[in-house]
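Okay, here's what each chain looks like letter by letter:
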Amino acid sequence: MAHLDLEKPLLERNDRLAAENKARLTAAGVFMVDLMASPGAGKTSTILATIDALRENYRIAVIEGDIASDVDSQTIKSKGIAAVQINTGGACHLESDMIARALGVLDLDALDLIIIENVGNLVCPTDFYLGEDAKVMILSVPEGDDKPLKYPGIFQISDAIILNKVDTAPVFDFDREAFLSSTRGLNPTAPVFEIAATTGQGVAIWTDWLAERVEKKRRALS
């Protein structure tokens, strides 16, 4: 019996649409970052801290991916930031066609930075390119220092890694050196930003890294 590989055409179509997304963003000089993490790692709090740090200099919008509800997008909108909600209806990741529709809602000429909050999952988002300029993975201290060993793929494909909730380290049995060692073994080039999003600790180093890349893309347009 012939084996029908459905994954390959699905990914090929996704990548084709992602390339179209990237072209639209490049033409507008907009930088897009895809934030990936498990539920509860602090994606939304990291986004809010990032917005607070960068909103004076950059025009920002957020694409919120969730299986259901619009709780996070309403939180973003309450801060005066444009937000587009995507409900996947059960899918554990966003795909490039979903992002294309969200980009169609946004005024790209009035933006410098789009932050995607992907669906909370450490596996599915790794295979789906969305047209983003950078993939950034968030892990929180309460999740444990062994996550790079259990979910190596998401660490390997990330352009940067955020370790969130470092202020809770005294409460949890988190081996920082073991985490950093395994992370560097999987991805020696990605910087690791140690932050506490709700208190602001370390956030400036992360947002400086992001701002540098937003500026580079804006300069390329001029």
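Here the residue numbering is sequential within each chain, running from 1 through the sequence in written order. The model is predicted, so local features are restricted to residues of pLDDT at least 70 and side-chain atom pairs to those at 80 or more, both for listing and for counting; the totals for chains, interfaces and linings are taken over all residues. Water and hydrogen atoms were dropped before computing side-chain values, which therefore reflect all heavy atoms in the structure.

Engineer: Looking at this structure, I do not really get the nonpolar core. What am I missing?
Structural biologist: Inside soluble globular proteins, nonpolar side chains tend to come together where they are buried. Here, the term nonpolar core denotes a set of buried Ala, Val, Leu, Ile, Met, Phe, Trp, Tyr and Cys residues that are joined through side-chain atoms within 4.5 Å. Classification of residues uses two cut-offs on accessible area relative to the type maximum, computed with a 1.4 Å probe and protein chains only: under 20% is buried, over 50% is exposed, and between them is partly exposed. Among the nonpolar cores identified, the biggest contains 31 residues, and Val 33, Leu 113, Trp 206 and Leu 210 are the most heavily contacted of them. The numbering of helices and of strands both runs from the N terminus, where a helix is a DSSP run of H or I of at least 4 residues and a strand a run of E of at least 2. Broken down by secondary-structure element, the contributors of at least two residues to this core are strand 1 (31–37), helix 2 (43–54), strand 2 (60–66), strand 4 (113–117), strand 5 (134–140), strand 6 (160–164) and helix 8 (203–221). No other element matches helix 8, which puts six residues into this core. Setting aside anything within four residues of it in sequence, one finds Val 33 in contact with Leu 113, Ile 114, Ile 115, Ile 116, Ala 134, Val 136 and Leu 210. Among the nonpolar cores identified, the runner-up in size contains 20 residues, and Leu 25, Met 32, Ile 63 and Leu 94 belong to it. Two residues qualify as a contact provided that any one of their heavy atoms is within 4.5 Å of a heavy atom in the partner residue.

Engineer: Looking at this structure, how should I read the environment of Ala 53?
Structural biologist: Inspection of the secondary structure puts Ala 53 in helix 2. Taking the C-alpha atoms as reference, Ala 53 lies 18 Å from Ile 161; in sequence the two are 108 residues apart.

Engineer: How should the packing of aromatic side chains be read in this particular structure?
Structural biologist: A ring pair, where both rings are aromatic, is described by two values, the distance of the centres and the angle of the planes. Aromatic rings from Phe, Tyr and Trp, taking only the six-membered ring of Trp, are treated as a pair when their centres fall within 6.5 Å; an angle between ring planes under 30 degrees marks them as stacked, one over 60 as edge-to-face, and anything in between as tilted. In the structure shown here, the tally under the stated rule is five aromatic pairs. Pairing Phe 155 with Phe 179 gives two aromatic rings, centres 6.4 Å apart and planes at 70°, and the pair type is edge-to-face. Here the residue Phe 155 occupies a position in helix 6 (residues 152–156), and Phe 179 occupies one in helix 7 (residues 176–186), the gap between them amounting to 24 residues. The exposure class of Phe 179 is buried, given its relative accessible area of 0%. A connected cluster of aromatic rings, assembled from ring pairs, spans Phe 155, Phe 174 and Phe 179.

Engineer: Could you clarify how one ought to interpret the sheet that holds strand 4 in this entry?
Structural biologist: By definition, the strands of a sheet pair up through backbone hydrogen bonds, in either a parallel or an antiparallel sense. Pairing is parallel across the open sheet formed by seven strands, whose spatial order is 3-2-4-1-5-6-7. This sheet does not close on itself; its edge strands, each paired only once, are strand 3 (82–87) and strand 7 (192–194). Taken over all neighbouring pairs, the strand axes of this sheet differ in orientation by 20° on average, direction set aside. Bridge analysis of strand 2 against strand 4 gives five bridges, and the strand direction is parallel. Across the sheet, the residue bridging to Ile 60 is Leu 113, located in strand 4. In this fold helix 4 (residues 96–105) packs onto strand 1, strand 2, strand 3 and strand 4, with an angle of close to 150° to the strand it touches most, strand 3. What counts as an axis is a line fitted to C-alpha atoms, over the stretch in contact for a helix, and the angles between N-to-C directions run from 0 to 180 degrees. In this fold helix 7 packs onto strand 5, strand 6 and strand 7, with an angle of close to 160° to the strand it touches most, strand 7. Two strands qualify as a pair provided that DSSP identifies no fewer than 2 bridges between them.

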